[in-house]
Structures are given as structure tokens and as C-alpha cells.
Amino acid sequence: MSGVTIGVLAVQGDVAENIMATKMAIEELGLDGIVTEVKTPEQISDLDGLVIPGGESTVIGTLSLVNGSLKKIKEKIASGMPVFGICAGMIMLSKKAKDRVVGEMDQPLLDFLDVKIERNAFGRQKDSFESEISMDKIGINKFQGVFIRAPSIIDAGKDVEILSKFNEKIIAVKQGNIIGTAFHPELTGDLSLHKYFVSLIKAKH
């Protein structure tokens, strides 16, 4: 099999950490592939998979709109490209987002993941924390979740598979070729979730 090309949307957020984790996941799986940061529609059109990292989702959305990348990401996801949205990246993939403090948010969303998201669901920056979670449905029994101003999912459509909950709040989901997590797997040193994502890309490739 020829190598896979995986992009990390490099508008802001944990870009370097996700590139590192994805590269290591490819290596551990013994696959051939390149991981690169992407910003432009041209770069995105060549991808087999995309990671949308954490950061501030309004900024990621607005900056991506400016150069037409959002439209290209939409086309690629619609055609089946696997995508992994982390924290703000999951918010960007969702159909609806609201803020616990501010209420409904008017921000550019990709409108794929059939969920309603509450931003800052666990509180502001001081409420960053770590907790052990499990995602048994995808074979990950133990995982250290790093939550930083994390969102949670308050409503999920019928096609959305709930992968994990914390304190009764939904924190990880899968819908078709899309994975979304409220926590930051790239900050843990545990590659199991990135490896799962890479194996989805390989299956499509």
C-alpha cells in the first residue's frame, strides 16, 4: 500500500503535538505515511485524513473561512475522509455549539457531527484537569483524559456512537468517519487514540 497523507489543520492549537503523536502512531502501526501541517485548500485536497486540533474554535473557524479551507474540508469529509476533532476541533465539526456562560454561539461550524455541544462545560481555565476514562467500544479500556476548558456533548443524534462519558457528560463520539473528543489525547504520550484514527484512514485508503 502506498503511504497515507495525514494533515493537521495548522491554524492554531496543539499542532506540533498532534503531528508528533500521529507520526508516532503511524510508526507503531508499521505503516508508511507522512504527517504535515495544512492550511490551504490545495494542501487539504491531497489528504487521506485530517486532525483538527484544540485551540479556540471561533478563531480556527474564522481563519479557515478566510482562505476557503472550510469549504474544502467539508467536501473531503463528505467524500469519506476520516477526521479527528479534538476539543475546539470537535466543536468545529458539530452542528450546534453553545457556551455555558454566553449562550448560543454564532460561529462557523462544519456542520457534520450530529451533536449539540456546550463549550467550557467543565468551567474556565482553572477547571483544567486530568481523569482516567475508557473507550471500550473502540478497544481502549484505559486512557488518561486531559481536559482544558473542555466542551461536552449535551445532545447526540441517532447515528452518533457515544464512546465515552465523564460525570455523565459525553466526552467522546464517533459518527461514520468522524471522531470527536473533548479532551486532548496529544498531550498524554498515550498513542492509542491516534493509532485508532490512523487505522480508520488505512481502512479507507
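Residues numbered from 1 in each chain as written. Predicted model: local features only at pLDDT ≥ 70, side-chain atom pairs only at ≥ 80, totals over all residues. Heavy atoms only, no water.

> What's the story with the UniProt feature "active site" (unreviewed entry) in the chain in this structure? I'm lost.
The sites that carry the UniProt feature "active site" (unreviewed entry) are, in the present numbering, Cys87, His184 and Glu186. On the basis of their most widely separated C-alpha atoms, the annotated residues across 100 residues gather in one place, lying no more than 11.1 Å apart. The residue histidine 184 is located in the loop between β13 (178-181) and α6 (192-204) in this model. Here the side chain of histidine 184 touches aspartate 14 through a polar contact of 3.1 Å, side chain to side chain. (UniProt positions renumbered as here; feature names shortened; annotations may be inferred. Helix = DSSP H or I, 4+ residues; strand = E, 2+ residues; numbered from the N terminus. Polar contact = N/O pair within 3.5 Å; in protein donor to acceptor, adjacent residues only side chain to side chain.)

> Looking at this model, I keep getting lost on the packing of aromatic side chains. Mind explaining?
How two aromatic rings sit relative to each other is given by the distance of their centres and the angle of their planes. In the structure shown here, the tally under the stated rule is 9 aromatic pairs. When the ring of phenylalanine 129 is compared with that of phenylalanine 147, the centres are 4.7 Å apart and the planes differ by 10°; the resulting orientation is stacked. Residue phenylalanine 129 is located in strand β8 (residues 129-135), and its partner phenylalanine 147 is located in strand β9 (residues 140-147); the two are separated by 18 residues in the primary sequence. In this structure phenylalanine 147 comes out as buried when scored by relative accessible area, which is 1%. A connected cluster of aromatic rings, assembled from ring pairs, spans Phe122, Phe129, Phe143, Phe147, Phe166 and Phe183. (Phe/Tyr/Trp six-rings, centres within 6.5 Å; stacked < 30°, edge-to-face > 60°. Buried < 20%, exposed > 50% of the residue type's maximum accessible area, 1.4 Å probe, protein only.)

> Sorry, what's going on with the nonpolar core here?
Nonpolar side chains tend toward joint burial in soluble globular proteins. Ranked by internal contacts, the top residues of the largest apolar core, which has 61 residues, are Leu50, Met135 and Phe183. The contacts of leucine 50, once residues within four sequence positions are left out, are Gly7, Val8, Leu9, Val38, Ile73, Met81, Pro82, Val83, Phe84 and Phe197. (Core = buried A, V, L, I, M, F, W, Y, C linked by side-chain atoms within 4.5 Å. Contact = heavy atoms within 4.5 Å.)

> Honestly, the pattern of salt bridges in this entry has me stumped. Any pointers?
Should the charged atoms of two oppositely charged side chains come close, the side chains can pair. Inspection of every chain in the model, using the stated rule, returns 5 salt bridges. A salt bridge links lysine 195 to glutamate 28, with the shortest nitrogen-to-oxygen separation between them at 2.8 Å. Taken as a pair, lysine 195 in helix α6 and glutamate 28 in helix α1 (residues 15-28) lie far apart in primary sequence, 167 residues in all. When its relative accessible area of 24% is taken as the criterion, lysine 195 is described as partly exposed. Across the pair lysine 71 and glutamate 75 runs a salt bridge whose closest N-O atoms are separated by 3.4 Å. With lysine 71 and glutamate 75 both in helix α4 (residues 69-78), this residue pair falls 4 residues apart, about one helical turn. Its relative accessible area of 59% is what places lysine 71 among the exposed residues. (Salt bridge = Lys/Arg side-chain N within 4 Å of Asp/Glu carboxyl O.)

> Hey, could you run me through unusual backbone geometry in this one?
Residues other than glycine predominantly adopt negative phi, and peptide bonds predominantly adopt the trans conformation. The backbone phi angle of cysteine 87 is positive, close to 55°, even though this residue is not glycine. For cysteine 87, the location among the structural elements is in the loop between β4 (83-86) and α5 (88-93). Even without glycine at this site, asparagine 120 takes up a positive phi of about 50°. Counting through the fold element by element, asparagine 120 comes out in the loop between β7 (113-119) and β8.

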